[in-house]
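Structural description and commentary
One-letter residues, chain by chain:
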Amino acid sequence: MVATHQFDAQARNMVDLQLRRRGLRDERVLEAMRLVPRHEFVPAELTYAAYEDRPLPIGEHETISQPYIVAAMTEAARVTATDKALEIGGGSGYQAAILAQLCASVCMVEINPRLAQESRQRLERLGYANVKVFEGDGSEGLAAEAPYDVIIVSAGTPGISPILIGQMAEGARLVAPVGGLHQQQLLLLYKEGGEITTRHLDACKFVPLIGKGGWAGGS
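So, here is what we can say about the structure in this document. The structure presented is a predicted model; accordingly, all values stated were derived computationally and were not measured.

With that out of the way, let us pick up the layout of surface pockets. To locate leftover empty space, one rolls a probe as large as a water molecule over the atoms. When its volume is computed, the largest pocket comes out at roughly 440 Å³. Elements with a contribution of two residues or more to the lining of the largest pocket: β2 (62-64), α3 (67-76), β3 (84-88), α4 (94-102) and β4 (105-110). The element contributing the most residues to the lining of the largest pocket is β2, with 3 residues. Of the residues in the lining of the largest pocket, the class split is 14 nonpolar, 14 polar and 5 charged. Empty space within the second largest pocket amounts to approximately 220 Å³. Residue lining of the second largest pocket: 13 residues in total, with Leu 24, Ala 72, Glu 75, Ala 76 and Leu 201 positioned closest to the centre. Every element with two or more residues in the lining of the second largest pocket is listed here: α3 and β9 (195-204). A total of 5 residues in the lining of the second largest pocket trace back to one element, the largest contributor, which is α3.

Printed below as a string of structure tokens:
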């Protein structure tokens, strides 16, 4: 994994000005946000904007999320070093790389074939050997690799599939943006004693999660 990079000063500023000042406090998450080279996960023509306080387009009608949202979702998930994580709607692989810095293994699912292949190659090149990238509909999870300690859904969904909830290990945390096509709210689900509790977090806006457990065709 990358230890430092040419945009280290911009990454440190991002952490200090966009994350700490907004109340994020998990030092492991903040360090992961500093270390992962965000500029590697955006198109070359947008490298200059990689550490700015906004989402960026990555092609195929998808985006890389605003740094604060990535960090907030990761902090909410309370990722530990022994966790197995699933990310749904992986896009360019940035959230998966953040998770890879923090936990034992990551499964990332991306429905777009080009983005999935590019993410696989990118993560391998950057040394994230504990990430496996799967191409396909992840809206109902990835049963073949279940159960998971952490699940992060990186696209907006009208609801959380019971099939996906069924892939949560005991003690698992699931973070997802749930709502309409144009506005959602982050939800944190926690599984304890086989029961699910739900906590409402920030309002947010994500591109739609396409698939059986999300938006069919994005409409």
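Structure shown, so let's carry the discussion forward.
On to helix α5 (residues 113-125). The end-to-end C-alpha separation of α5 is 18 Å, in line with the 18 Å expected for 13 residues at 1.5 Å each. Taken together, the buried positions of α5 are Leu 115, Ala 116, Ser 119, Arg 122 and Leu 123. An end-on view of α5 places all buried positions within 135 degrees of arc, on one side of the element. Away from the buried face of α5 by more than 90 degrees, exposed residues Glu 124 and Arg 125 are located. In this fold, the buried residues of α5 make contact with β1 (56-59), β2, α4, β4 and β5 (131-135). Looking at where α5 begins, the residue whose side-chain oxygen comes 3.1 Å from the main-chain nitrogen of Arg 114 is Asn 112. Just beyond α5, the residue with positive phi is Gly 127, at close to 90 degrees.

Parameters at a glance
Residues numbered from 1 in each chain as written. Predicted model: local features only at pLDDT ≥ 70, side-chain atom pairs only at ≥ 80, totals over all residues. Heavy atoms only, no water. 1 Å grid on protein atoms, 1.4 Å probe; cavity = no way out; pocket = protein on both sides within 12 Å on 5 of 7 lines; lining within 4 Å. Points joined across faces, edges and corners; volume = space filled by probe spheres on them. Helix = DSSP H or I, 4+ residues; strand = E, 2+ residues; numbered from the N terminus. Nonpolar A, V, L, I, M, F, W, Y, C, P; charged D, E, K, R; others polar. Expected span 1.5 Å × (residues − 1). Buried < 20%, exposed > 50% of the residue type's maximum accessible area, 1.4 Å probe, protein only. Arc of directions from axis to C-beta. Contact = heavy atoms within 4.5 Å. Polar contact = N/O pair within 3.5 Å; in protein donor to acceptor, adjacent residues only side chain to side chain.

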